[in-house]
Amino acid sequence: MTQPLLTIDLDAACANWRALDILSGTAETAVAVKANAYGCGVAEIATAIAGSGCETFFVATVEEGVELRAALPKEAIYVLNGVADRRDSAACIASGLRPCLNHPGQIEAWQRSEGGACALQLDSGMSRLGLQPAELEQVPGDIDVRLVISHLACADEPEHPANESQRRRFLEYMAHLESKTPNARRSLAATGGTLLGADFHFDLVRCGIGIYGGQPFDAAQPVVRLETPIVQIRDIPKEQLVGYGASWIADRPSRIGTLPLGYADGLHRALSNGAMLYFEGNPVPLVGRVSMDLITVDLTDYPQVNVGDTLEVLGPNQGVDDLAQAAGTIGYEILTSLGHRYTRRYTQVNGT
Ligand SMILES: *Cc1c(COP(=O)(O)O)cnc(C)c1O
């Protein structure tokens, strides 16, 4: 191996979809594939999951929707951020995308362009996107709403009172809209909400992180694996510095390995002097600063390791959420930061 290798297990992603589909009971299990399927590769992920039976997908932007349509000719694609103007609306219509209309201006833009099927997003308490209560009256009666959605702010904390209060508000706001949205299904839950139980499932759940093997879906199978070769090994004397800023200084004669990935590849700089890689299951400490294209590790306790040998960054010994914790972030950010320079390999044994 001469380059870092990112392996994406499509069978695991499909197994996670099936597991969430069972948990969501009679609700449809749709999948969020925004941000290049959380960094995992939108065409590959969406094609594999559609092959497992998923019929509805969510992206953030119109551009993402157009790209996804090229991979999925017939599935329903919703655009969470909606349409800002005529150009967006025209692109949605041309690609058969359904925008989530988030405020009266978006509804107007969509109607002016004579757009068809769409979704409405309601703000049930997150204060981010969606119609506010006073705006519900402005929803016209002649709009083809297929789905009404809202989003939970604290679904990864099952005991948080915001979950129940958002659920009640969602019901209340939908009651106001009932006569204007006779064909609409209802959707409140993402992965966290799916795990909150049947009261949160409504007609459709929108799972993202759980599909990609991240928390809060404990039972998820890991989807990504990242391995890197060692490109150089050097022996340094006691008191020699390693890396930018001299943030690590050898306290014994040391053996330092250099690896060809850095913060430009999604290995957050916050991991400097604070992460482990793994050699055949054994922890190898990252020492010194993470630089843009390189990191350094302390191989002093591993005299048997040679240039060209492989260390695990993500895999059986360290999941996405473990690395996230070391970096002071969440699995979502580790995944969406995964670099574009990695050699990517997709594995699928059970593909249809
Ligand atoms: C990203 C997103 C989802 C998926 O969330 P996960 O927590 O990754 O399951 C669902 N709905 C909306 C509105 C989102 O923005």
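A quick note: this is a predicted structure, and the numbers were derived from the prediction, not measured. (Residues numbered from 1 in each chain as written. Predicted model: local features only at pLDDT ≥ 70, side-chain atom pairs only at ≥ 80, totals over all residues. Heavy atoms only, no water.)

A. Representation of the pairing of strand β16 (residues 282-287). Here strand β15 (residues 276-279) pairs with β16 via four bridges, running antiparallel. Among the inter-strand pairings, Tyr278 is bridged to a residue of β16, identified as Pro283. Where β15 hands over to β16, the hairpin turn is made up of two residues, of which Glu280 adopts a positive phi near 45°. (Pairing = 2+ DSSP bridges. Helix = DSSP H or I, 4+ residues; strand = E, 2+ residues; numbered from the N terminus.)

B. Inspection of the nonpolar core at higher detail. In terms of nonpolar packing, the biggest core is built from 100 residues, with Val33, Ile45, Ile49, Phe57, Tyr212 and Val224 touching the most fellow members. In this view, Phe57 contacts Val31, Val33, Ala46, Ile49, Ala50, Leu68, Leu72, Glu75, Ala76, Ile77 and Tyr78; residues no more than four positions away in its chain are not counted. In terms of nonpolar packing, the next biggest core, distinct from the first, is built from six residues, Ile236, Val242, Ala250 and Val287 among them. (Core = buried A, V, L, I, M, F, W, Y, C linked by side-chain atoms within 4.5 Å. Buried < 20%, exposed > 50% of the residue type's maximum accessible area, 1.4 Å probe, protein only. Contact = heavy atoms within 4.5 Å.)

C. Region of interest: the domain arrangement of the protein. As assigned here, the protein comprises domain 1 (10-212) and domain 2 (224-347). At the junction of the two partners, domain 1 supplies eleven residues and domain 2 supplies nine residues. Roughly 870 Å² is buried in total at the junction of domain 1 and domain 2, and carbon and sulfur atoms are behind 63% of that figure. At the boundary of domain 1 with domain 2, the tally comes to zero salt bridges. Going through the elements one at a time, α1 (10-23) and α2 (34-38) are the ones with two or more residues in the side of domain 1 that touches domain 2. (Domains from an automatic or database assignment. Buried area = accessible area lost by both parts, 1.4 Å probe. Salt bridge = Lys/Arg side-chain N within 4 Å of Asp/Glu carboxyl O.)

D. Examining the layout of surface pockets more closely. Within this model, the largest pocket holds a volume of roughly 670 Å³. Taken together, 31 residues make up the lining of the largest pocket; nearest its centre are Lys34, His151, Leu152, Ala190 and Tyr332. Residue assignment for the lining of the largest pocket shows that the elements contributing at least two residues are α2, α8 (191-195) and α10 (331-336). Per-element accounting of the lining of the largest pocket gives the leading share, three residues, to α8. Its residues assigned to classes, the lining of the largest pocket comprises 17 nonpolar, nine polar and five charged. Here the lining of the largest pocket spans two domains, and each of domain 1 (10-212) and domain 2 (224-347) adds at least three residues to it. (1 Å grid on protein atoms, 1.4 Å probe; cavity = no way out; pocket = protein on both sides within 12 Å on 5 of 7 lines; lining within 4 Å. Points joined across faces, edges and corners; volume = space filled by probe spheres on them. Nonpolar A, V, L, I, M, F, W, Y, C, P; charged D, E, K, R; others polar.)

E. Spatial organisation of the site of the ligand. Of all residues adjacent to the ligand, which total 13 residues, the nearest are Lys34, Tyr38, Thr191, Ile209 and Tyr332. A distance of 3.4 Å separates a nitrogen atom of the ligand from a polar atom in the side chain of His151. Within the contact set of the ligand, an oxygen atom lies 2.7 Å away from a backbone nitrogen or oxygen of Ile209. Considering the ligand on its own, with 390 Å² of exposed area, one finds that the protein chains cover 91% of that surface. In this structure the site holding the ligand corresponds to the largest pocket. Partitioning the shell around the ligand into residue classes produces seven nonpolar, three polar and three charged. (Near = heavy atom within 4 Å. Polar contact = N/O pair within 3.5 Å; in protein donor to acceptor, adjacent residues only side chain to side chain. Areas by Shrake-Rupley, 256 points an atom, 1.4 Å probe, with all protein chains shown as cover. Sits in = over half its atoms within 2 Å of the grid points.)

F. Molecular detail of empty space enclosed by the protein. Counted according to the given criterion, the structure contains one cavity of 30 Å³ or more. The computed volume of the largest cavity comes to approximately 50 Å³. Along its surface, the largest cavity is lined by Gln121, Leu122, Asp123, Ser124, Met126, Arg128, Leu129, Ser150 and His151. When its residues are assigned to classes, the lining of the largest cavity shows three nonpolar, four polar and two charged.

G. Focus on the sheet that holds strand β9 (residues 204-207). If you trace the eight strands from one edge of the open sheet to the other, you get β8-β7-β6-β5-β4-β3-β2-β9, paired in parallel fashion. Edge positions in the open sheet fall to β8 (185-187) and β9, since each of these has one partner strand only. Between one strand axis and the next, the sheet turns by 25° as a mean value, whatever way the strands run. The pairing of strand β3 (residues 56-59) with strand β4 (residues 76-79) spans four bridges and is parallel. The residue of β4 that forms the bridge with Thr56 is Ala76. (Axes fitted to C-alpha atoms, helices over the stretch in contact; angles between N-to-C directions.)

H. Local environment of the packing of α1 against helix α3 (residues 42-52). Closest axis-to-axis distance for the α1/α3 pair is 9 Å, and the angle between their directions is 50°. Classified by the interaxial angle, the pair formed by α1 and α3 is oblique. Helix-helix and strand crossings are classified by hand; for α1 and α3 the assignment is right-handed. Across the interface between the two elements, Leu10, Ala13, Cys14, Trp17 and Arg18 from α1 touch Glu44, Ile45, Ala48, Ile49 and Ser52 from α3. Among the residues forming the contact of α1 with α3, the class breakdown is seven nonpolar, one polar and two charged. (Parallel < 35°, antiparallel > 145°, perpendicular 65-115°, else oblique. Left-handed = near helix turned anticlockwise from the far one by under 90°.)

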